Amino acid sequence: EVTINYRHGLPVITLTLPTRSERCRFTVKPMLTTVGAFLQGVQREDKGIERAEVFATDGSKVSDATLMEVLLMNDFKLVINNTAYSVSPPVKDKLSSEHATEMEDIKSLVHRLFVALHLEEHQIRKERELLQKLDHLKEELLPLEQMKARITDSADAKTSRLLWVGLALMSTQGGALAWLTWWVYSWDIMEPVTYFVTYGSAMAFYAYFVLTKKDYIYPDATDRQFLHYFYQKSKKQHFNVERYNKLKEDLAEAEESLKRLRQPLHLRLPIQEISDKD
């Protein structure tokens, strides 16, 4: 007869050795011991055992690589030499709530000890990795930053010229209307003209709203025209805006991670919470 009992949380398999005719106990570690290792231990204990195998209840052979934890979940047959033993593992008692709580406390203590002993080493290694990543990102960004500065200067210059051209056209229009009013025609003739000029300007502003879905506000219109020139110039010079933005985001994330690493009080805080505090 083969019996299985649990002692101190580990299964103890008791069986009769065929040559010595005595009962022998084998304590196994279910999560580490395989079926093959268990059978080898039985054969080492009794040199007269020539055959030791394990079969499932349906007659299929259990692989030697199977963990004992898996084997002990169901009934099985243990064959030693020419004798087959039917084995029914008992259901392992569940840990009591108090014991489970004690185990969780022990795990938490072990985790805190591990963190206390290895945190500094981990921080140094992580800081070195972040610094290397920062250097790599800055090296990639350097030529893009230089190209972006040139494109920005060009777009800003074009936008400024457009603003000055608009001012010149408005001044010319005002001067022409004044000249026509006082030197060529009278106000009676020019009044309808100025009305339609004003109405045409209102139509132009409304057309801007229809196309952009935004009011014609001078700062917003200036920024829109700047972006138009910027992307136009970027396309001509093959400046990858998406790649530049992605590198900038990665750089900001790496700098924030380095900041969190160098401030131990911030290690467990979310990035958003740190940003709010700053």
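What you see is a predicted model; the values in this text were computed from it and never measured.

J.: Help me understand the sheet that holds strand E1 (residues 3-7), please; the structure alone is not making it clear to me.
T.: Picture the strands of a sheet paired through backbone hydrogen bonds; they go either parallel or antiparallel. The 3 strands lie next to each other as E1-E2-E3, forming an open sheet whose pairing is antiparallel. Two strands bound the open sheet, and with one partner strand each, they are E1 and strand E3 (22-27). Neighbour to neighbour, the strand axes of the sheet diverge by 30° on average, direction disregarded. Bridging between strand E2 (residues 10-17) and E3 involves 6 bridges; their strand directions are antiparallel. The partner of Val12 across the bridge, within E3, is Thr27. Sheet strands in contact with helix H1 (residues 35-45) are E2 and E3, and its direction is about 145° off that of E3.

J.: Honestly, the UniProt feature "transmembrane region" (unreviewed entry) in the chain in this entry has me stumped. Any pointers?
T.: Taking the numbering used here, the UniProt-annotated feature "transmembrane region" (unreviewed entry) corresponds to residues 162-181 and 193-211. Annotation note: span residues 162-181, helix share 100%, strand share 0%, distance between end C-alpha atoms 28 Å. In residues 193-211, the share of helix is 100% and the share of strand is 0%. The end C-alpha atoms are 27 Å apart.

J.: Hey, could you run me through helix H4 (residues 187-212) in this one?
T.: The periodicity of an α-helix, 3.6 residues per turn, causes residues three or four positions apart to be oriented the same way. Over its 26 residues, H4 runs 37 Å from end to end, which matches the ideal 38 Å to within 8%, given 1.5 Å per residue. The complete set of buried residues in H4 reads Met190, Thr194, Tyr208 and Thr212. Two residues or fewer after H4 comes Lys213, characterised by a positive phi angle close to 60°.

J.: I'm lost on helix H6 (residues 241-262) in this one. Help?
T.: An ideal rise of 1.5 Å per residue puts 32 Å on 22 residues; H6 measures up with 32 Å between its terminal C-alpha atoms. Looking only at H6, the buried set comprises Val241, Tyr244, Leu247, Asp250, Leu251, Ala254, Glu256, Leu258, Arg260 and Leu261. For H6, the capping residue at the N-terminal end is Asn240, with a side-chain oxygen 3.2 Å from the backbone nitrogen of Glu242.

J.: Looking at this structure, I do not really get the nonpolar core. What am I missing?
T.: What tends to happen in soluble globular proteins is that the nonpolar side chains get buried as a cluster. With 24 residues, the main nonpolar core has Leu15, Phe38, Val54, Phe76 and Leu78 as its most contacted residues. For this core, the secondary-structure elements that each account for two or more residues are E2, E3, H1, strand E4 (52-56), helix H2 (68-71), strand E5 (76-80) and strand E6 (83-87). Here the element with the most residues in this core is H1; it accounts for 4 residues. If near-sequence neighbours (up to four positions away) are discounted, Leu78 is found in contact with Val2, Leu15, Leu39, Glu53, Val54, Thr83, Ala84, Tyr85 and Val87.

J.: I tried to follow a nonpolar patch on the surface on my own but got confused; where do I start?
T.: Together, Trp179, Trp182, Trp183, Val184, Tyr185 and Ile189 line one region of the surface with nonpolar side chains, adding up to about 790 Å² of accessible area. When residues in the nonpolar patch are grouped by element, the largest group, 4 residues, is from helix H3 (residues 97-184). By secondary structure assignment, the location of Trp179 is in helix H3.

J.: So what exactly am I meant to see when it comes to the side chain of Asp46 here?
T.: The residue Asp46 is located in the loop between H1 and E4 in this model. Those residues in contact with Asp46 that lie beyond four places of it in its chain are Leu17, Pro18, Thr19 and Arg20.

J.: Just checking my understanding: could you explain the pairing of E5 for this structure?
T.: Side-chain positions along a regular strand alternate between the two faces of the sheet. In terms of burial, E5 is largely enclosed, as 4 of its 5 residues are buried. One ladder, built from 5 bridges, connects E4 with E5; its direction is antiparallel. Bridge pairing in E5 links Phe55 to Lys77. Pairing geometry for E5 and E6, over 5 bridges, is antiparallel. What sits directly across from Ile80, in E6, is Thr83. Linkage of E5 to E6, two consecutive antiparallel strands, is achieved through a turn of 2 residues, within which Asn81 is found at a positive phi near 55°.

J.: Looking at this structure, how should I read unusual backbone geometry?
T.: Trans is the prevailing form of peptide bonds, just as negative phi is the prevailing case for residues other than glycine. With a phi angle near 55°, Asn81 is a residue other than glycine that sits in the positive phi range. Structurally, Asn81 is set in the loop between E5 and E6. Backbone geometry at His238 places phi at a positive 60°, although glycine is not the residue there. Its place among the elements puts His238 in the loop between helix H5 (218-236) and H6. Classification of His238 as exposed rests on a relative accessible area of 71%.

Definitions and cut-offs
- Within each chain, residue numbers correspond to sequence positions counted from 1 in written order.
- At least 70 in pLDDT is required for a residue's local features to be given in this predicted model, at least 80 for side-chain atom pairs to be given and counted, and no such filter applies to totals for whole chains, interfaces and linings, which use all residues.
- Only hydrogens and water are set aside when side-chain values are computed; all heavy atoms of the structure are taken into account.
- Should DSSP find at least two bridges between two strands, the strands are taken to pair.
- Secondary structure elements are taken from DSSP: a helix is a run of H or I of four residues or more, a strand is a run of E of two residues or more, and numbering for both begins at the N terminus.
- Structural elements are reduced to axes, namely lines fitted to C-alpha atoms, with helices fitted over the stretch in contact, and the angle between N-to-C directions of any two is expressed from 0 to 180 degrees.
- Note on definitions: a residue-residue contact is assigned when non-hydrogen atoms from the two residues lie within 4.5 Å.
- UniProt positions are given in the numbering used here, feature names are shortened, and annotations may be inferred rather than shown by experiment.
- Given the number of residues in a helix, its expected span is that number minus one, multiplied by 1.5 Å.
- Buried, partly exposed and exposed residues are distinguished by accessible area as a fraction of the type maximum, computed with a 1.4 Å probe on protein chains only: under 20%, between the cut-offs, and over 50%, respectively.
- Counted as a polar contact is a pair of N or O atoms within 3.5 Å, where, for protein atoms, one must be capable of donating a hydrogen and the other of accepting one, and residues adjacent in sequence contribute only when both atoms are in side chains.
- Note on terminology: a nonpolar core comprises buried Ala, Val, Leu, Ile, Met, Phe, Trp, Tyr and Cys residues joined through side-chain atoms within 4.5 Å.
- A patch consists of residues exposed above 30% relative accessible area that lack any salt bridge, with like charges linked at up to 9 Å and nonpolar side chains (Val, Leu, Ile, Met, Phe, Trp, Tyr) linked at up to 5 Å.
- Only the protein chains shown count as covering a residue, and every accessible area follows the Shrake-Rupley method with a 1.4 Å probe.
- Here, a salt bridge means any Lys or Arg side-chain nitrogen found within 4 Å of an Asp or Glu carboxyl oxygen.

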